[in-house]
Amino acid sequence: MLASSTKSRAAAFLFVLFSLLAHGQSGSSGSITGVVTDSSGAVVPNASVEARNPVSGFSRNVVTDAAGKFSIPNVPLNPYHLTVTGAGFSPYASDVDVRSTVPVNLIVKLKVGGSAESVTVEANGGDLIENTPTFHTDVDRGLFDKVPLESQSSSLSSLVTLSSPGIAADSNGLFHGMGDHAENSFSVDGQPITDQQSKVFSNQIPLDAIASMEVISGAPPAEFGEKTSVVINATTRSGLGLAKPVGSVSTSYGSFGTSSVGLDLGYGGEKWGNFISVSGLNTGRFLDPPEFTVIHAKGNEENLFDRVDYKLSNVDSIQLNLGFTRSWFQNPNSFDNVFHTGETDPSGNPLGATDQRSQIKTFNIAPSWNRVLGTDAVFTLGSFIRRDQYNYYPSQNLFDDLSPIQQESVGQDRTLTNAGLRTSLSYVKGIHNLKIGGTYQQTFLTENDNLGIVDSALIPSLTDTSGAPCFVNAIAVSSPCTDLLRFDLTRGGSLFSFHGHTDVKQLALYVQDQITKGAWSFNVGLRGDFYNGLTTHKEAEPRVGIAYNIKRSNTVLRVSYARLLETPFNENLIVASVGCDSPVFNPLLGCSATASTPLNPGWRNEFHAGLEQTIGKYLVFSGEYVWKYTHNAYDFSILGNTPIFFPIAWDRSKIPGFAGRVSVPNIHGFSALMVFSSVAARFFLPQVSGAGATPSAPAGVFRIDHDEKFNQTTHVQYQIGKTGPWVGLNWRYDSGMVAGAVPFAAGPSTPVDLTGLTADQQLQAGLFCGSVFPTLNAPLTSCAPSQYGSTRVTIPAPGTENDDHNPPRITPRHIFDVAIGDDNLFGGDKYKWSLRLTAINVTNKVALYNFLSTFSGTHFLTPRSYTVELGFHF
């Protein structure tokens, strides 16, 4: 832990960052340029050029200028079907593969034919598959503009969960990729973001700013590191090439008093462009509460995103991404937090409902400079600085935080500042697509926590190291009672203050080459990661993948291997690593030893095997089986009974599973997407780092609380014509993640002890004993195994519970969402009005995301809710 200030180092990074602006195309997109001529070589102006990917839904149209030239910028890295049409010429069609930032330059020669101002060129089966070893899903705005999304405050996470295979859905915008706890990362226009993006930790980039995204669920190429179970490679929207301003203004209102307003505007020219998005949200259900009835869950969010592009010359271009988001929200209450009947604070004041709140402020500045080196190479240099400031506020009367599930009042002021430089050289020649690059970044962490005990029974419940009471006759006689007594607010104590600071330095170097030879495709790469935080580690990480395209049957077979370094989570990293050294935090953290165990990076070997197959030209399937073996496998624990969560690590994990995707490209207005997965997340004792107590797992192995046997999402949509009314439908099935500490019967004749749960917790879990259900005033105390059950948790039969093979799970659920709309209500040309109605959880299913999860506690799915949105487009 370092005590020095970060101001001078942060200033140095700012100097480097802004100096780059004097010199900085997106790291996740390329461009298609060219000239259209006739057979004699004369240029063809006003020809229509379209690039289209039928699977992702990407479609972009441009018109050649007076010199017959065209340019399609900001194109996601994918294969495309290119069509060119012109008056008096036969249509031209070809396949174009955009796999690098190196521009694709084309010379298109049109043959004289009949009049062809417009033409429909249908894709064949070969256009639907990608001959690449990396399993991934491509999603364009054409799809996610019409997907009913459950959360407006974390819409990007909702989209990833619904459109990508291998995702276990969790509360508050959190999702778990391929069996790991939130081991996900974002790459936004080449900027790496590996910190958590759940809305209880940070603010996400608004979905309005995203043009398209590639979600990598397979073995990641060498350019991606740290947290790679799922990599979301996002391309933002740009105003480059928009000679006329294009944008929209929208407003919406819905259930829970939710209202929003948004503006996006893109404009520019051949050499410059600007895209800006501004939005605001106010809602009565910002976070997912622990009750189906919403209590104390108001929140608001304001977003600003701006992207500026400028071509300094034919070979030099700069890009600047700017973003700021502020969110403020109440931490939802359970009934346990509301009812304090007859309870008073030490001054005799009646206790009120708990009133804990949070505020998160996030800003991001990311400039980059691209230089085209001849026709085969592009050099990129970029920098970034991103900062999260998280504030957690206790109730105004600290004793209002007291409840059966919380014994301490806590406040937090935490900052995470990530600043760095990235550079790469892309070279495309012949069969090679080579990329060499590196990233250096520093993450400055500061944690300030204030804590006071508000439960007079907490200290008397503790024991010393020998197991004897350390509080005798109302006197603290030994540790830990003597250490905590000064901070027991019920006995006249004051708040305990914890301050921690550290600077995490990371260097990553990589080289990768995608080699295409005939029907074969090879991805080979090597990455080196150097981590220097509270601990140090370095790792060489080879990556290799092979794919073979059986063109006769439109089949792609692939296998891949990746060695990966996993870095510790930065959120509350300091208290997790050194908190056990504190005599105050030690008993509250459940430390099993007096010495701290700082979190070390983990390392993983993972193996993938999959295939991609088309059926005719109307359906494509892509699936993959994965085996992942991790040393130092991460999870989260909790500070006492407070809402402060921190990372921990187990000895190892084994995660086998499969994931798949079925896509139906647009067929006369109809399209469909189905994603599914089944992943086993097996974690092995002991706990090797971080604070917290080891759970009971007699066999030494247990299923982590985001293990889920099966989930799937099916999205179908239909639109009349290209701009007519449309409807989109989601069907989500989750078999249920592993639940927390749910009582179960040890045997068929052993009564189930239910006294460990409060009455409210019993209601949340839907427990019952025969025909008797608990009430807030009359909890269940015990139940015969033959009478015991739950409506929301699947409890193992008496005597069959097994932490590895048969743990309690959340009950399976089916959720249906629907959206209907019209993007051009009045048939306008230049100006258009749109109207959209979205219904979430149409059947009003009462279901849990999780119950007493070690990380996130208990949370309910959104009840049936409606939103109507009106938009004006120009």
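Cut-offs and rules
- Residues numbered from 1 in each chain as written.
- Predicted model: local features only at pLDDT ≥ 70, side-chain atom pairs only at ≥ 80, totals over all residues.
- Heavy atoms only, no water.
- Helix = DSSP H or I, 4+ residues; strand = E, 2+ residues; numbered from the N terminus.
- Rg over C-alpha atoms; globule rule 2.2 N^0.38 Å.
- Buried < 20%, exposed > 50% of the residue type's maximum accessible area, 1.4 Å probe, protein only.
- Areas by Shrake-Rupley, 256 points an atom, 1.4 Å probe, with all protein chains shown as cover.
- Salt bridge = Lys/Arg side-chain N within 4 Å of Asp/Glu carboxyl O.
- Phe/Tyr/Trp six-rings, centres within 6.5 Å; stacked < 30°, edge-to-face > 60°.
- Lys NZ or Arg CZ within 6 Å of the ring centre and 35° of its normal.
- Core = buried A, V, L, I, M, F, W, Y, C linked by side-chain atoms within 4.5 Å.
- Contact = heavy atoms within 4.5 Å.
- Polar contact = N/O pair within 3.5 Å; in protein donor to acceptor, adjacent residues only side chain to side chain.
- Pairing = 2+ DSSP bridges.
- Axes fitted to C-alpha atoms, helices over the stretch in contact; angles between N-to-C directions.
- Disulfide = S-S within 2.5 Å.
- pLDDT = per-residue confidence, 0-100.

### Quick look at the overall build of the chain
And then number 1: Across its full length, the chain holds 8 helices and 48 strands.
And then number 2: Relative to a compact globule of 874 residues, whose C-alpha radius of gyration would be 29 Å, the chain shows 28 Å and is just as compact.
And then number 3: Dimensions along the principal axes, computed over C-alpha positions, put the chain at roughly 105 × 60 × 45 Å.
And then number 4: Classification of the 874 residues of the chain by burial places 59% in the buried group.
And then number 5: Here the chain displays about 33300 Å² of accessible surface, and carbon together with sulfur accounts for 59% of that area.

### Remarks on the pattern of salt bridges
Side chains carrying opposite charge are able to pair once their charged atoms draw close together.
And then number 1: Following the criterion strictly, the structure yields 33 salt bridges and no others.
And then number 2: Taking the shortest distance from any N to any O, the salt bridge between D97 and R99 comes out at 3.7 Å.

### Observations concerning the packing of aromatic side chains
And then number 1: A complete count under the given rule lists 27 aromatic pairs for this structure.
And then number 2: Judged by centre distance (6.2 Å) and plane angle (35°), the rings of F872 and F874 are tilted.
And then number 3: Three or more aromatic residues joined by ring pairs form one cluster here, namely F201, F569, Y634 and F636.
And then number 4: A cation over a ring is seen here: R652 above F684, with NZ or CZ 4.2 Å from the ring centre.

### Focus on the nonpolar core
General note: in soluble globular proteins, nonpolar side chains tend to be found buried as a group.
And then number 1: Of all hydrophobic cores here, the largest spans 59 residues; its most connected members are F585 and F646.
And then number 2: With near-sequence residues (within four places) excluded, F646 lies in contact with E571, N572, V575, A576, L589, D635, F636, S637, I638, L639 and A691.
And then number 3: I167, V188, A234 and L673 belong to the second largest nonpolar core, which has 27 residues in total.

### Overview of the environment of D138
And then number 1: By secondary structure assignment, the location of D138 is in strand β8 (residues 136–140).
And then number 2: Among the residues examined, D138 registers a relative accessible area of 10% and is labelled buried.
And then number 3: Separated by 79 residues in the primary sequence, D138 and S217 have C-alpha atoms spaced 11 Å apart.
And then number 4: Sequence-distant contacts of D138, that is, excluding residues within four places in its chain, are made with V55, S56, N78, E130, M213 and E214.
And then number 5: Of the polar contacts made by the side chain of D138, one reaches the side chain of N78; its length is 3.1 Å.

### Things to note about the sheet that holds strand β3 (residues 58–63)
And then number 1: With respect to topology, 4 strands assemble into an open sheet ordered β3-β2-β5-β6, the strand pairing being antiparallel. Strands with a single pairing partner mark the edges of an open sheet, and in this sheet they are β3 and β6 (92–98). Neighbour-to-neighbour, the strand axes of this sheet turn through a mean angle of 20°, independent of strand direction.
And then number 2: As paired strands, strand β2 (residues 48–53) and strand β5 (residues 78–85) are joined by 5 bridges and run antiparallel to one another.

### Some points on the environment of R732
And then number 1: By the secondary structure assignment, R732 is in strand β37 (residues 725–734).
And then number 2: The spacing of R732 and F676 is 56 residues in sequence and 9.7 Å in space, taken between C-alpha atoms.
And then number 3: Setting aside residues up to four positions removed in sequence, R732 forms contacts with T161, L162, I167, A168, A169, N711, Q712, T713, R813, H814 and I815.
And then number 4: Among the polar contacts listed, one links the side chain of R732 to the backbone oxygen of I167, at a separation of 3.1 Å.
And then number 5: At 3.0 Å, the side chain of R732 and the side chain of D734 are in polar contact.

### A few points about the side chain of D488
And then number 1: Structurally, D488 is set in the loop between α5 (481–484) and β26 (496–517).
And then number 2: Residue classification places D488 among the buried positions, given a relative accessible area of 0%.
And then number 3: What D488 contacts, discounting residues up to four positions off in sequence, is I453, I459 and G493.

### A look at the state of the cysteines
And then number 1: What the rule picks out here adds up to 2 disulfides.
And then number 2: Disulfide partner of C470: C481, at an S-S distance of 2.0 Å. Across the S-S bond of C470 and C481 the torsion is about 55°, and the bridge reads as right-handed. Here C481 lies in helix α5 and C470 lies in the loop between β23 (432–453) and β24 (471–472), a separation of 11 residues in the sequence.
And then number 3: Owing to a relative accessible area of 0%, C470 belongs among the buried residues under this scheme.

### Considerations on unusual backbone geometry
And then number 1: Between S479 and the following residue, P480, the backbone shows a cis peptide bond with an omega angle of 10°.
And then number 2: As for its placement among the helices and strands, P480 is situated in the loop between β25 (475–476) and α5.
And then number 3: Located in the positive-phi region is N554, a residue other than glycine, with phi close to 55°.
And then number 4: Mapped onto the elements, N554 comes out in the loop between β28 (536–550) and β29 (555–566).

### Digging into the sheet that holds strand β1 (residues 29–38)
And then number 1: Pairing is mixed in the open sheet, where 3 strands are placed in the order β4-β1-β7. Of all the strands in the sheet, just β4 (69–76) and β7 (104–110) have a single pairing partner and so form its edges. For this sheet, the mean angle separating the axes of adjacent strands, direction not counted, is 25°.
And then number 2: Note: β1 against β7, 7 bridges, orientation parallel. Each bridged residue has a counterpart across the sheet, and for V35 the counterpart in β7 is I107.

### Overview of the pairing of β4
And then number 1: Taking burial as the measure, the 8 residues of β4 include 6 buried ones, the bulk of the element.
And then number 2: With 6 bridges connecting them, β1 and β4 associate as antiparallel partners. Of the residues in β4, the one forming a bridge with T33 is S71.

### Some points on the environment of D400
And then number 1: Structurally, D400 is set in the loop between β21 (377–393) and β22 (408–429).
And then number 2: Considered as a pair, D400 and G352 are 48 residues apart in the sequence and their alpha carbons are 5.6 Å apart.
And then number 3: Excluding residues within four positions of it along the chain, D400 makes contact with H340, L351, G352, A353, T354 and S395.

### Here we look at the side chain of S582
And then number 1: Here S582 is to be found in the loop between α6 (573–578) and α7 (585–589).
And then number 2: The class for S582 is buried, based on a relative accessible area of 12%.
And then number 3: At a separation of 3.1 Å, a polar atom in the side chain of S582 contacts the main-chain amide nitrogen of F585.

### Side note on helix α3 (residues 155–163)
Residues spaced three or four apart along an α-helix point in a common direction, a consequence of the helix completing one turn every 3.6 residues.
And then number 1: Where burial is concerned, most of α3 is hidden: 9 out of the 9 residues are buried.
And then number 2: Every buried residue of α3 is listed here: S155, L156, S157, S158, L159, V160, T161, L162 and S163.

### Details of the confidence of the model for the chain
Any region with low pLDDT has predicted coordinates that should not be read closely.
And then number 1: For the chain, per-residue confidence averages 90 on the pLDDT scale, and 94% of positions sit at 70 or higher.
And then number 2: Segment residues 1–24: pLDDT under 50, and 47 contacts once partners within four positions in sequence are set aside and those in other chains are kept.
And then number 3: Across residues 115–121, where pLDDT falls below 50, the model places 14 contacts with residues more than four positions away in sequence or in other chains.

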